[in-house]
Amino acid sequence: AQSVTQLDSQVPVFEEAPVELRCNYSSSVSVYLFWYVQYPNQGLQLLLKYLSGSTLVKGINGFEAEFNKSQTSFHLRKPSVHISDTAEYFCAVIGGSQGNLIFGKGTKLSVKP
Amino acid sequence: DAGITQSPRHKVTETGTPVTLRCHQTENHRYMYWYRQDPGHGLRLIHYSYGVKDTDKGEVSDGYSVSRSKTEDFLLTLESATSSQTSVYFCAIRTPDQDSTGELFFGEGSRLTVL
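Our subject in this report is the structure included herewith. (Residues numbered from 1 in each chain as written. Chains lettered and ligands numbered in written order. Predicted model: local features only at pLDDT ≥ 70, side-chain atom pairs only at ≥ 80, totals over all residues. Heavy atoms only, no water.)

### A word on the overall build of chain A
Logical step 1: On a plain count of helices and strands, chain A comes out with zero helices and twelve strands.
Logical step 2: Written out in order from the N terminus, the α and β elements of chain A read β-β-β-β-β-β-β-β-β-β-β-β.
Logical step 3: The C-alpha radius of gyration of chain A comes to 13 Å, within 12% of the 13 Å expected for a compact globule of 113 residues.
Logical step 4: Counting only C-alpha atoms and orienting by the principal axes, one finds that chain A spans roughly 45 × 30 × 20 Å.
Logical step 5: Taking all 113 residues of chain A together, 47% fall into the buried category.
Logical step 6: Long-range contacts, defined as pairs at least 24 residues apart, comprise 55% of the intrachain contacts of chain A with a sequence gap of at least 6.
Logical step 7: For chain A, the exposed surface amounts to about 5500 Å²; the carbon and sulfur share of it is 50%.
Logical step 8: With 9 positive and 8 negative side-chain charges, chain A shows a separation of 7 Å between the mean positions of the two kinds. (Helix = DSSP H or I, 4+ residues; strand = E, 2+ residues; numbered from the N terminus. Rg over C-alpha atoms; globule rule 2.2 N^0.38 Å. Buried < 20%, exposed > 50% of the residue type's maximum accessible area, 1.4 Å probe, protein only. Contact = heavy atoms within 4.5 Å. Areas by Shrake-Rupley, 256 points an atom, 1.4 Å probe, with all protein chains shown as cover. Lys, Arg positive; Asp, Glu negative; His and termini not counted. Charge placed at Lys NZ, Arg CZ, Asp CG, Glu CD.)

### Considerations on the nonpolar core
Logical step 1: Grouped together as the largest cluster of nonpolar side chains are 28 residues, with contacts concentrated most on L33, W35, L47, L48, F74, L76 and Y89 of chain A.
Logical step 2: Element by element, the count of residues in this core is highest for strand β10 (residues 87–95) of chain A, at four residues.
Logical step 3: With residues up to four places along the chain from it excluded, the contact list for L48 of chain A reads L33, F34, W35, V57, K58, G59, F63, E64, A65, F74 and L76 of chain A.
Logical step 4: Counting 20 residues, the second largest nonpolar core, distinct from the first, contains F34, Y36 and L46 of chain A together with Y48 of chain B. (Core = buried A, V, L, I, M, F, W, Y, C linked by side-chain atoms within 4.5 Å.)

### Observations regarding the packing of aromatic side chains
Logical step 1: One pass over the structure, following the stated rule, counts 17 aromatic pairs over all chains.
Logical step 2: Measuring from ring centre to ring centre gives 6.2 Å for Y48 of chain B and Y50 of chain B, while their planes differ by 45°; the resulting arrangement is tilted.
Logical step 3: Since its relative accessible area comes to 4%, Y48 of chain B is described here as buried.
Logical step 4: Linked through ring pairs, F34, Y36, F90 and F103 of chain A together with Y31, Y33, Y35, Y48, Y50, F90 and F106 of chain B together constitute an aromatic cluster.
Logical step 5: Seen from the ring of Y31 of chain B, R94 of chain B lies directly overhead, with NZ or CZ sitting 3.8 Å from the centre. (Phe/Tyr/Trp six-rings, centres within 6.5 Å; stacked < 30°, edge-to-face > 60°. Lys NZ or Arg CZ within 6 Å of the ring centre and 35° of its normal.)

### Remarks on the state of the cysteines
Logical step 1: Evaluation of the coordinates by the stated rule reveals two disulfides over all chains.
Logical step 2: Put simply, C23 of chain A and C91 of chain A are joined by a disulfide, and their sulfur atoms are 2.0 Å apart. For the disulfide bridge between C23 of chain A and C91 of chain A, the dihedral angle about the S-S bond is near -65°, and by the sign convention the bridge is left-handed. Within this pair, whereas C23 of chain A is found in strand β4 (residues 23–25), its partner C91 of chain A is found in strand β10, the two being separated by 68 residues in sequence. The same class applies to C23 of chain A as to C91 of chain A, namely buried.
Logical step 3: Disulfide pairing is shown between C23 of chain B and C91 of chain B; the S-S distance is 1.9 Å. (Disulfide = S-S within 2.5 Å.)

### A short note on the interface of chain B and chain A
Logical step 1: Opposite the 21 residues of chain B that make contact, chain A presents 20 residues.
Logical step 2: Considering only the side of chain B, the residues that lose the most area to chain A are L43, T101 and F106 of chain B, jointly responsible for 29% of the buried surface there.
Logical step 3: For the pair chain B and chain A, the number of links is four residue pairs in polar contact (both at pLDDT 80 or more).
Logical step 4: Listing elements by their share of the side of chain B that touches chain A, those giving two or more residues are β4 (32–38), β5 (42–51), β9 (87–95) and β10 (103–106) of chain B.
Logical step 5: Take the side of chain B that touches chain A: its biggest share by element is five residues, from β5 of chain B.
Logical step 6: Partitioning the side of chain B that touches chain A into residue classes produces ten nonpolar, eight polar and three charged. (Buried area = accessible area lost by both parts, 1.4 Å probe. Polar contact = N/O pair within 3.5 Å; in protein donor to acceptor, adjacent residues only side chain to side chain. Nonpolar A, V, L, I, M, F, W, Y, C, P; charged D, E, K, R; others polar.)

### Considerations on the side chain of S73 of chain A
Logical step 1: Position of S73 of chain A relative to the elements: it lies in strand β9 (residues 73–78).
Logical step 2: The residues touching S73 of chain A, leaving out its near neighbours within four places in the chain, are C23, N24, Y25, E66, F67 and N68 of chain A.

### Side note on the pattern of salt bridges
Logical step 1: Evaluation of the coordinates by the stated rule reveals ten salt bridges over all chains.
Logical step 2: Between R77 of chain A and E20 of chain A there is a salt bridge, with the nearest N and O atoms lying 2.8 Å from each other. Remark: E20 of chain A occurs in strand β3 (residues 19–21) and R77 of chain A occurs in strand β9; sequence separation between them is 57 residues.
Logical step 3: You can call R77 of chain A partly exposed: its relative accessible area is 27%.
Logical step 4: In this structure, the salt-bridge partner of R9 of chain B is E108 of chain B, at a minimum N-O distance of 3.0 Å. Separated by 99 residues along the polypeptide, R9 of chain B in the loop between β1 (4–7) and β2 (10–13) and E108 of chain B in the loop between β10 and β11 (110–114) bring together distant segments of the chain.
Logical step 5: One network of salt bridges, with partners in common, ties together E20, E66 and R77 of chain A. (Salt bridge = Lys/Arg side-chain N within 4 Å of Asp/Glu carboxyl O.)

Here it is, written out as structure tokens:
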């Protein structure tokens, strides 16, 4: 079964610093990967997704992620974070016959001034 | 905004009582989902629906049932609530319908506390 592992439960970082949130997936013939963000007291929203093609995927709010098949990773990066990026970030993969999303346990990004 | 409304948004109940959470959508999407979110567990799929009266179990379906008698409403029922079902419950729809890699749009969540 498909699964994802988010290696860090919490990531504190100072404003304007770069950040990387790590995600590894279980290997499969084909894989579709997603990053979602959840701001406090809200539902999740899509940041970006990888389906095929270019391994570097750009998303909203200046985030990008790189699909690395050899390392089975899909890490999320931003070169300079803002206070407003404070949120919980979820990596997800499509699994199961109905194409349901399977989420990782989440990484809480805390941006400090 | 995918037109998803969850109700109630907050509920406190006692162990052993039945609870029904409602998810209402206004855009006629075929796929609807119920997830629960717990600290340290992320989101876990409870049940999903791929059409009226077409539902299936997710990874944490024990203790939950669902019904979808019309396209716009997807109900999640806890027949006899337990403290382990204290959680935040999210409904989601998928768009576009025919795309298994489509985006999920989430409601704002229903916070349930079982005493």
